[in-house]
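# Results of the structural survey
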Amino acid sequence: MATPTRGELGAAAAIVLCCALLVLVVRPLSRGLATRPTAAQCADLFQRRAEQVARAQGRAPRSDGDRALPASATPEAIARCVQTLTAEDARCALAASGADEFERCLTP
C-alpha cells in the first residue's frame, strides 16, 4: 500500500472541512427558512408541557374542559416560541408520548 502524498492528504482534509462547514451552515439555514408554528400551536405546547409537569409531580392534569394557559405562557414566551421553533418541532412535541420525547422534539 502506497503512502499518500502531501497533495492527496490536503485534498482529503479539504473534503472533510467542506463537509463539516456544509453541515454547520445548512442546518441553521434550513431552520431559518422552515415554516413556523402558529401562536395557537405554541399555546398548545405550553398546555401540553404543564400537563406533563403535573403528571410528573403526581398531580392530576387539568381536565379537557379547562383550557386555561399556564402562567409560563406569557405573550412574550408565545412570541419566542413562534420565532424560534419550526412547525415540525411543534408537531413532533404535540405528538410526543412522554416528557423525554417532548424535550427531544424541541432541542435543535
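On a predicted model such as this, the values are computed, not experimentally measured, just so you know.

Definitions and cut-offs
- Residues numbered from 1 in each chain as written.
- Predicted model: local features only at pLDDT ≥ 70, side-chain atom pairs only at ≥ 80, totals over all residues.
- Heavy atoms only, no water.
- Helix = DSSP H or I, 4+ residues; strand = E, 2+ residues; numbered from the N terminus.
- Buried < 20%, exposed > 50% of the residue type's maximum accessible area, 1.4 Å probe, protein only.
- Disulfide = S-S within 2.5 Å.
- pLDDT = per-residue confidence, 0-100.

### Quick word on the overall build of the chain
- Looking only at helices and strands, the chain features five helices and zero strands.
- Scored against the burial criterion, the 108 residues of the chain give a buried share of 22%.

### Topic: the state of the cysteines
- By the definition in use, this model includes two disulfides.
- Between the sulfur atoms of Cys42 and its disulfide mate Cys81 the distance is 2.0 Å. Here the disulfide of Cys42 and Cys81 is left-handed, its torsion about the S-S bond being about -85°. Here the residue Cys42 occupies a position in helix α2 (residues 39–56), and Cys81 occupies one in helix α3 (residues 75–84), the gap between them amounting to 39 residues.
- Put simply, Cys92 and Cys105 are joined by a disulfide, and their sulfur atoms are 1.9 Å apart. Here the S-S torsion is close to -50°, and the disulfide linking Cys92 with Cys105 is therefore left-handed. Here Cys92 is found in helix α4 (residues 87–95), whereas its partner Cys105 is found in helix α5 (residues 99–106), with 13 residues between them in sequence.
- By relative accessible area, Cys92 is classed as partly exposed at 30%.
- Sequence-ordered numbering of the disulfide-bonded cysteines in the chain gives the connectivity 1-2, 3-4.

### A closer look at the confidence of the model for the chain
- Mean pLDDT over the chain stands at 82; residues scoring 70 or higher make up 78%.
- At the low end of the mean pLDDT range in the chain sits helix α1 (residues 6–33), at 68; at the high end sits α4, at 94.

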